[in-house]
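# Structural description and commentary
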Amino acid sequence: MIDNYLLYLSYIENKLKKFFEAQSPYIFCKKGCALCCQSGEYPFSQIEFDFLMFGFSKLDENLKQQIFGKVNKLLEEKSKTEGTFLHECPFLINNECSVYNYRGVICRSFGLMSIRQNANSKIPFCAFKGLNYSNVLDPETRIISLEKFKALGVDKEPLAYNVGYNALTSPDIEEVFNIKFGEVKALIDWFQKSEKSN
Ligand code: SF4
Ligand code: SF4
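This one's a predicted model, so the numbers in the text were calculated from it and none came from an experiment.

Moving on to the overall build of the protein chain. Secondary structure assignment for the protein chain yields eight helices and six strands. Taken along its principal axes, the extent of the C-alpha atoms in the protein chain is 60 × 40 × 35 Å. Of the contacts made within the protein chain by residues no fewer than 6 positions apart, 72% connect residues no fewer than 24 positions apart.

So this is what it looks like as structure tokens:
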């Protein structure tokens, strides 16, 4: 299964790399920018979480303790919160992902504009913070502005891709790569389960 999952990861990495390249005039991601890891729920399937923890097992003890300290603090905060619990990812250390090569699918696609069925494309939230797609965003209508695109004078159009979490982890993908994503939960809830079962 792990070999098939690695094959799948290399497939989506190649695919996403091409999309990011095609959108380069609108992409402002750079090392140290971690807004997308600072507030979210981070959906992880079983296979992604297992792979993430495999990466975690390779970290040095100090880092592991630091991450577990953050996890425990988040679990405590979550227990006192009603509804959606948005938080910084506990694997974010000094504004960098401590398990970068083992990160989840959602982490790999974030920053691109994605196609939403029967609705306008989903623009990454960082567009509203002056980052990706902000140079073609109309802040009032909250959609991509044709005028701003024309004014840029670039030949690569701002495009949305089928890169939503469900599309990247669909049953078709499972069949092609002979993998099972398994149950999907918010990242912090995976730790909740292991705490209860201990
Ligand atoms: S997706 Fe947005 S927030 Fe995340 S690294 Fe790129 S520019 Fe920064
Ligand atoms: S696993 Fe890494 S890339 Fe994904 S949200 Fe956490 S810190 Fe960010």
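More follows now that the structure is in view.
The subject of this paragraph is the environment of K156. Residue placement: K156 occurs in the loop between α5 (146-152) and α6 (165-168). With 13 C-beta atoms packed within 10 Å, K156 lands in the partly exposed category. Along the backbone, K156 and N166 are 10 residues apart, and their C-alpha atoms lie at a distance of 26 Å. Leave out the neighbours within four places in its chain, and K156 touches A22, Q23, S24 and P25.

Near ligand 2 the following residues occur: C37, Y42, C89, F91, L92, C97, V99, R103, G104 and C107. Counted by class, the shell around ligand 2 contains eight nonpolar, one polar and one charged residues.

In the vicinity of ligand 1, the contacting residues are F28, C29, C33, L35, C36, F110, G111, P124, C126, L131 and N132. Class assignment for the residues of the shell around ligand 1 results in nine nonpolar, two polar and no charged.

If you look at the biggest cluster of nonpolar residues, it comprises 34 residues, and the most contacted ones within it are F44, L52, Y133, L137 and L187. The set of elements that each furnish at least two residues to this core consists of α1 (2-22), α2 (46-57), α4 (105-109) and α8 (187-197). Take this core: its biggest share by element is four residues, from α2. When neighbours within four sequence positions are excluded, L52 is seen to be in contact with F44, V99, Y102, R103 and G104.

Tracing the chain through its elements places D138 in strand β4 (residues 137-138). Placed 125 residues apart in sequence, D138 and E13 show a C-alpha to C-alpha distance of 30 Å. Setting aside chain neighbours within four positions, we find D138 in contact with I143, S145 and K148.

Position of Y100 among the secondary structure elements: in the loop between β3 (96-97) and α4. Along the chain, Y100 and L52 lie 48 residues apart, while their C-alpha atoms are 8.9 Å from each other.

Below, the discussion takes up unusual backbone geometry. Positive phi values are uncommon outside glycine, yet Y42 reaches one of about 60°. Along the chain, Y42 turns up in the loop between α1 and β1 (43-45).

Cut-off values and rules
- Residues numbered from 1 in each chain as written.
- Chains lettered and ligands numbered in written order.
- Predicted model: local features only at pLDDT ≥ 70, side-chain atom pairs only at ≥ 80, totals over all residues.
- Helix = DSSP H or I, 4+ residues; strand = E, 2+ residues; numbered from the N terminus.
- Contact = placed C-beta atoms within 7 Å.
- Buried ≥ 20, exposed ≤ 12 C-beta atoms within 10 Å, placed from the backbone.
- Near = placed C-beta within 6 Å.
- Nonpolar A, V, L, I, M, F, W, Y, C, P; charged D, E, K, R; others polar.
- Core = buried A, V, L, I, M, F, W, Y, C linked by C-beta atoms within 7 Å.

Function cannot be read off these values alone, since they describe shape.
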